[in-house]
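Summary of structural features
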Amino acid sequence: MRPAERGVDVTTTFESFDRMWAELEPIGRAPETGGYRRHAWTRTDHDLREWFAAQCAARGLDLVEDRAGNQWGWWGDPDTTPGVVIGSHLDSVPDGGAFDGPLGVVSALAALDALRAAGVEPAVPVGVVSFVDEEGARFGIACAGSRIITGALHADRARALTDGDGVSMAEAWRRAGRDPRTLGPDEEALRRVGHFVELHVEQGKALAVAPDGGDDLTDPTRAVAIGTDIWPHGRWRIDLPGEANHAGTTRMADRHDAMLGLATVVQSARSYAVALGCVATVGKVDVVPGGVNAIPSHVTAWLDARGEREEAVRAAVDAVAEEAGRFGAITAEESWTPTTTFDTGLVDRLHGILPDAPLLGTGAGHDAGILATHGVPSGMLFVRNPTGVSHSPSESASVADCHHGVMALTAVVTDLCTVQDAEPTGGNG
């Protein structure tokens, strides 16, 4: 049953969203860039967790944490019957945008408010989740919170991951007042989830482009899309050796400069990605010793590669690794996620609830994809991004489109928590 048919107070729902968005907006924002630095297990992360806990408490939700520190606010008892879960994450990439992650959390809480205001009485529990460390900005593994509880990221490996200052995840947990020995898979938390639907800002501009190829930011039928799949994607670490020496006294012929190998890696990543129809990015580099007047003795580069076809991504990475090998480099895979197809029954059902919404695949990874791979019936909604820019302070979505997203999510969760829908659909297609 649609929200309008259940008497949703649209004005109150939008006011709830706007109020929460304003409260969250300043947390972790860097004044010099306007971007966000919301990294896992930091003071800012603590403030975000406290904000989420306060929102759950204000709504009388039962707040629980799983063994990775993900926060779940429950309306009803999911240990009796698996529930419908909505939400996303609150962390960011370095100097990231405001919408990537938080839009899904705030929209989920606003949708819950809309259900209650409309007098909806769920036949199954309804949960709102805030996943921890989705971006992997601090420890290098994306979707760490969902990977840990599903076992996709082994607990021992997670504890040993280090940030740029050499602080391990285990130590970060200890500094946050937690026991890292408790970190690990959590089937109990996963059994509580009957369906998971994650709303997210689109990280591209497919919705902002009309079918005729022109820009269209006003068509309400293109404000929200239904996710169908996540492209295969991974991260690789490339270690390039060199020899430290004086930048002013060492002859060019006598140099063993690790930066030359890096230049080849960057150029080959682009050329092979273009040739094979995928995308590849060298977005993080660590240079030793890192002095302006010193020839680098070692460079570590991280390669991110994605595409619609797994074989194209693998071929591009293999070619880059071969080029890097000419400079003595060692390439190691740090993470890999194959093509993730969202639950086909759930996608069909979402399309039935939102018949005008386009269907959209994405090259960005999400917690919904990790849960889907583990067998949890999962789906996604995407809210139009007028410029397509993401992982940047200029990431955006209009207020009107954010409100459209809240109403779409409200329609979805209302439908999923009705009596005849008490059982998950099952099947990831």
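Summarised in this report is the structure supplied together with it. All of these numbers come straight from a predicted model, not from anything done at the bench.

1. Remarks on the overall build of the protein chain
Of the regular secondary structure elements, the protein chain holds twelve helices and 15 strands. For a compact globule of 429 residues, the expected C-alpha radius of gyration is about 22 Å, and the protein chain comes in at 22 Å, within 12% of that figure. For the C-alpha atoms alone, the extent of the protein chain along its principal axes is close to 80 × 55 × 40 Å. Out of the 429 residues in the protein chain, the part that is buried amounts to 53%. Carbon and sulfur atoms provide 52% of the accessible area of the protein chain, an area that totals close to 17,500 Å². Across the protein chain, the 35 positively charged side chains and the 61 negatively charged ones have centroids separated by 5 Å.

2. What about the sheet that holds strand β7 (residues 233-241)?
Read across the open sheet, the four strands follow the order β9-β11-β7-β12; overall the sheet is antiparallel. Each of the sheet's edge strands pairs with one partner strand only, and the pair in question is β9 (279-288) and β12 (330-337). Pairs of neighbouring strands in the sheet enclose a mean axial angle of 15 degrees, with direction left out of account. The pairing of β9 with strand β11 (residues 298-306) spans nine bridges and is antiparallel. In the sheet register, Thr 281 faces β11, and the bridge partner there is Asp 304. Docked against the sheet, helix α8 (residues 258-276) engages β7, β9 and β11, running at close to 170 degrees with respect to β9. The strands touched by helix α9 (residues 310-325) are β7, β11 and β12; relative to β7, the strand with the most contacts, the crossing angle is about 5 degrees.

3. As for the nonpolar core
Counting residues in hydrophobic clusters, the biggest one holds 95 residues, and the most contacted among them are Trp 51, Leu 103, Leu 354 and Leu 381. No other element matches helix α3 (residues 102-117), which puts ten residues into this core. Ignoring anything within four residues of it in the chain, the contact list for Leu 354 reads Ile 226, Leu 381, Ala 408, Ala 411 and Val 412. Judged by nonpolar contacts, the second largest core, of 20 residues, contains Ala 269, Ala 316, Val 317 and Ala 329.

4. A word on α8
Over its 19 residues, α8 extends 27 Å from the first C-alpha to the last, a length consistent with the 27 Å expected when each residue adds 1.5 Å. Inspection of α8 places Ala 258, Gly 261, Leu 262, Thr 264, Val 265, Ser 268, Ala 269 and Ala 273 among the buried residues, and these make up the whole buried set. Along α8, the residues classed as buried sweep out an arc of 155 degrees about the axis, all on the same side. Opposite the buried face of α8, at more than 90 degrees from it, the exposed residues are Leu 260, Gln 267, Arg 270, Val 274 and Ala 275.

5. Structural notes on the side chain of Ser 335
Looking at the element boundaries, Ser 335 is found in strand β12. When neighbours within four sequence positions are excluded, Ser 335 is seen to be in contact with Ile 141, Gly 234 and Arg 235.

6. Notes on the packing of helix α1 (residues 10-24) against helix α2 (residues 43-58)
Helix-helix packing is described using two parameters, namely the angle between the two axes and the distance between the axes. It is the contact of α1 with α2, at a shortest axis distance of 11 Å, that shows an interaxial angle of 155 degrees. As the angle between them shows, α1 and α2 are arranged roughly antiparallel. At the point where α1 passes α2, the crossing takes the right-handed sense. The segment α1 lies against α2, with Met 20, Glu 23 and Leu 24 engaging Leu 48, Trp 51 and Gln 55. Among the residues making up the contact of α1 with α2, the classes are represented as four nonpolar, one polar and one charged.

7. Digging into helix α12 (residues 399-416)
Along its 18 residues, α12 runs 26 Å from first to last C-alpha, staying within 8% of the 26 Å computed at 1.5 Å per residue. Buried residues dominate α12, accounting for 15 of its 18 residues.

8. A look at the packing of aromatic side chains
According to the stated counting rule, one finds seven aromatic pairs in the structure shown. Judged by centre distance (6.0 Å) and plane angle (55 degrees), the rings of Trp 236 and Trp 336 are tilted. With Trp 236 in strand β7 and Trp 336 in strand β12, the pair connects residues that are 100 residues apart, well separated along the chain. For the pair Trp 236 and Trp 336, one class covers both residues: buried. An aromatic cluster of at least three residues, connected via ring pairs, comprises Trp 72, Trp 74, Phe 131 and Phe 196.

Reading the values: rules and limits
- Note on numbering: residues in each chain are counted from 1, in written sequence order.
- Thresholds applied to this predicted model are a pLDDT of at least 70 for local features of residues and 80 or more for the giving and counting of side-chain atom pairs; totals over whole chains, interfaces and linings are not thresholded and use all residues.
- Note: side-chain values were computed over all heavy atoms of the structure, leaving out hydrogens and water.
- Think of it this way: any DSSP run of H or I at least four residues long counts as a helix, any run of E at least two long counts as a strand, and we number them from the N terminus.
- Note that the radius of gyration is over C-alpha atoms, with the globule rule given as 2.2 Å times the number of residues to the power 0.38.
- Per-residue accessibility, obtained with a 1.4 Å probe over protein chains only, is compared with the maximum for each type, and a residue is labelled buried under 20%, exposed over 50%, and partly exposed between these values.
- Residue exposure ignores everything except the shown protein chains as possible cover, and the areas themselves are Shrake-Rupley values with a 1.4 Å probe.
- When charges are counted, Lys and Arg contribute as positive and Asp and Glu as negative, whereas His and the chain ends are disregarded.
- Just so you know, the charge point we use is NZ for Lys, CZ for Arg, CG for Asp and CD for Glu.
- Strand pairing requires that DSSP identify at least two bridges connecting the strands.
- Angles run from 0 to 180 degrees between N-to-C directions of axes, and those axes are lines fitted to C-alpha atoms, restricted for helices to the stretch in contact.
- Residues are treated as being in contact if the distance between any of their heavy atoms lies within 4.5 Å.
- Only buried residues count toward a nonpolar core. Its members are Ala, Val, Leu, Ile, Met, Phe, Trp, Tyr and Cys residues joined through side-chain atoms within 4.5 Å.
- Take the number of residues in a helix, subtract one, and multiply by 1.5 Å to get its expected span.
- In this description, the arc belongs to the directions extending from the helix axis to the C-beta atoms.
- To sort the angles, those under 35 degrees are grouped as roughly parallel, those over 145 as roughly antiparallel, those from 65 to 115 as roughly perpendicular, and the leftovers as oblique.
- Rotating anticlockwise by less than a right angle from the far helix to the near helix defines a left-handed crossing, while the corresponding clockwise rotation defines a right-handed one.
- Residues are sorted three ways: Asp, Glu, Lys and Arg are charged, Ala, Val, Leu, Ile, Met, Phe, Trp, Tyr, Cys and Pro are nonpolar, and all the rest, Gly among them, are polar.
- Any two of the Phe, Tyr and Trp rings considered here, Trp counted by its six-membered ring, make a pair once their centres fall within 6.5 Å; the pair's planes then place it as stacked at under 30 degrees, edge-to-face at over 60, or tilted in between.

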